[in-house]
Amino acid sequence: MILDVDEKILISKELRKYFRGIHEIHKIKESSWSSVYHILTTNRILFCKVGPLAGAVTHEYQILAFLRAQGLRCVPEILSYSEIGGKALLVTRFIKETGYYNVRKLAENFAKVHALKHKDETCKNFPIEFILGMENELSDLQYIWGKENPKRVRLMNKLGDALKQMRVLYKKRKQLFAQEPLRLIQMDAQDVVIPSVNEMYLVDWHLARYGDPACDLARLFIYEQDKTKKFDRDEFIKMYARGIPVNDSLLWRINYFHLGSLVAMLLYSFGDSVNLVRYKSSPLVVQQSEKDFFRRLLDKKIENNFDQIYLMLERLGH
Ligand SMILES: Nc1ncnc2c1ncn2[C@@H]1O[C@H](COP(=O)(O)OP(=O)(O)O)[C@@H](O)[C@H]1O
Ligand SMILES: [Mg+2]
């Protein structure tokens with residue numbers, strides 16, 4: 001609580017240099033990488049993220065600055081960025097959500113982002129490493145707490161089997177992933193689209209990196225389809241194809257990453273928070289809210305999820 005007050009004082013003191021009439025600072029979210037605030041001034045609302053220096057907030061600032069410099073108007077405008085007291089403080093324009101939802105505009109915006117080339121050797125092949133790495137995550141989980149519960153053991157073995165098949169498929173189709181150069185991908189997908197007046201804003205760039213756009217699309221489709229009936233996948237692809245060539249390879253990889261997400265949801269929905277604490281330092285951290293979200297997206301009857309997984313594996317194999 002004391003820390004909260006300290007942070008609000010820091011924000012208030014720093015932001016008075018940039019903005020007039022600040023009268024309320026509300027914390028709306030806290031996570032291991034940042035705290036999120038709504039700041040009310042006499043004439044507008046500001047959106048502010050605070051986190052450790054050189055961490056997620058700094059990364060988000062750099063990505064947003066890059067995207068705006070490339071002429072993208074569908075990402076929030078940066079109003080200020082400060083490094084103070086060991087913290088990074090990013091303020092962007094607050095985007096007001098309206099009922100307006102334009103899937104064509106959304107596709108156009110993603111195509112603009114995915115058109116941005118970059119070569120970053122440090123994160124080559126990112127989504128694939130994530131998927132193949134799940135085999136290790138699974139065997140760690142099996143070791144920690146799978147043993148006593150025969151039902152869990154059976155389910156975990158099934159997941160292990162699916163992951164093995166995914167690795168075999170990847171090796172067989174490796175040329176489909178040999179995509180150069182890599183593109184900028186958003187990588188979060190949950191609550192990142194804000195439909196507003198005449199624009200479909202893309203927010204929350206702290207996980208952005210260079211990787212395979214197919215992974216971005218697979219995750220976006222899962223999340224948007226869940227969120228709104230207004231999302232139309234075919235319409236999206238049709239519009240996206242005007243900016244980025246859509247070929248069989250891209251469609252195959254979208255399905256591959258969709259399957260990877262399904263397997264990941266099952267894997268992480270199994271883990272109890274306590275057992276997942278040891279993964280806190282990994283980029284695969286899964287928050288409780290995300291686990292609850294996974295449980296909601298998954299079929300309650302666990303066997304149905306596996307039926308879907310095997311069906312997708314079969315289709316991808318042909
Ligand atoms: N500029 C913005 N204006 C309005 N709402 C935003 C803005 N950026 C993010 N949000 C919303 O605020 C919530 C938290 O922000 P988010 O960027 O997702 O934080 P985190 O980095 O913790 O994931 C999300 O629901 C997101 O949609
Ligand atoms: Mg977020």
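We now turn to the structure provided with this report. Keep in mind the model is a prediction, meaning the values are calculated, not measured.

Here we look at the overall build of the protein chain
Next up, step 1: Within the protein chain one finds 12 helices and 10 strands.
Next up, step 2: The buried share of the protein chain, reckoned over its 318 residues, is 30%.
Next up, step 3: Taking the contacts inside the protein chain whose residues are at least 6 apart along the sequence as the reference set, 68% of them involve residues at least 24 apart.

A look at the environment of Met-200
Next up, step 1: Topologically, Met-200 is positioned in strand E9 (residues 199-202).
Next up, step 2: Those residues within four positions of Met-200 in sequence are excluded, and the remaining contacts are Cys-74, Asn-102, Lys-105, Leu-106, Asn-109, Val-193 and Pro-195.

Focus on the site of ligand 1
Next up, step 1: Near ligand 1, the surroundings consist of 14 residues, among which Phe-47, Pro-76, Ile-95, Val-203 and Asp-204 are the closest.
Next up, step 2: Grouping the amino acids of the shell around ligand 1 by side-chain chemistry returns 7 nonpolar, 4 polar and 3 charged.
Next up, step 3: Here the shell around ligand 1 gathers at least three residues from each of two domains, domain 1 (2-93) and domain 2 (103-317).

Examining the sheet that holds strand E3 (residues 45-52)
Next up, step 1: What the 5 strands build is an open sheet, ordered E1-E2-E3-E5-E4; its pairing is antiparallel. Since the sheet does not close on itself, it has two edges, and those belong to strand E1 (22-30) and strand E4 (78-84), each with one partner. Direction aside, the axes of adjacent strands within the sheet are offset by 20° on average.
Next up, step 2: Two strands pair when backbone bridges link them, and E3 and strand E5 (residues 87-93) are joined in this way by 7 bridges, in the antiparallel orientation. Directly across from Phe-47, in E5, lies its bridge partner Thr-92.

What counts, and where the lines are drawn
- For every chain, the first residue of its written sequence is number 1, and the numbers climb from 1 along that sequence.
- A letter from A marks each chain and a number from 1 marks each ligand, given out in the order of writing.
- Only residues with pLDDT of at least 70 get local features here, since the model is predicted, and only at 80 or more are side-chain atom pairs given and counted; chain-wide, interface and lining totals rely on the full set of residues.
- Only DSSP runs of H or I covering at least 4 residues are called helices, and only runs of E covering at least 2 are called strands; the numbering of each starts at the N terminus.
- The exposure scheme places C-beta atoms from the backbone and then counts, for each residue, the other C-beta atoms within 10 Å of its own, assigning buried at 20 or more, exposed at 12 or fewer, and partly exposed in between.
- By the convention adopted here, residues make contact when the C-beta atoms placed from their backbones lie within 7 Å.
- The rule is simple: place the C-beta atom from the backbone, and if it lies within 6 Å of a molecule or strand, the residue is near it.
- Only Asp, Glu, Lys and Arg are considered charged, only Ala, Val, Leu, Ile, Met, Phe, Trp, Tyr, Cys and Pro nonpolar, and every remaining residue, Gly among them, polar.
- These domain boundaries are the output of an automatic or database domain assignment.
- One bridge is not enough; two strands pair if DSSP finds at least two bridges between them.
- Lines fitted to C-alpha atoms define the axes, with helix axes restricted to the stretch in contact, and inter-axis angles between N-to-C directions lie between 0 and 180 degrees.

So far we have only geometry, and geometry alone does not tell us how the molecule works.
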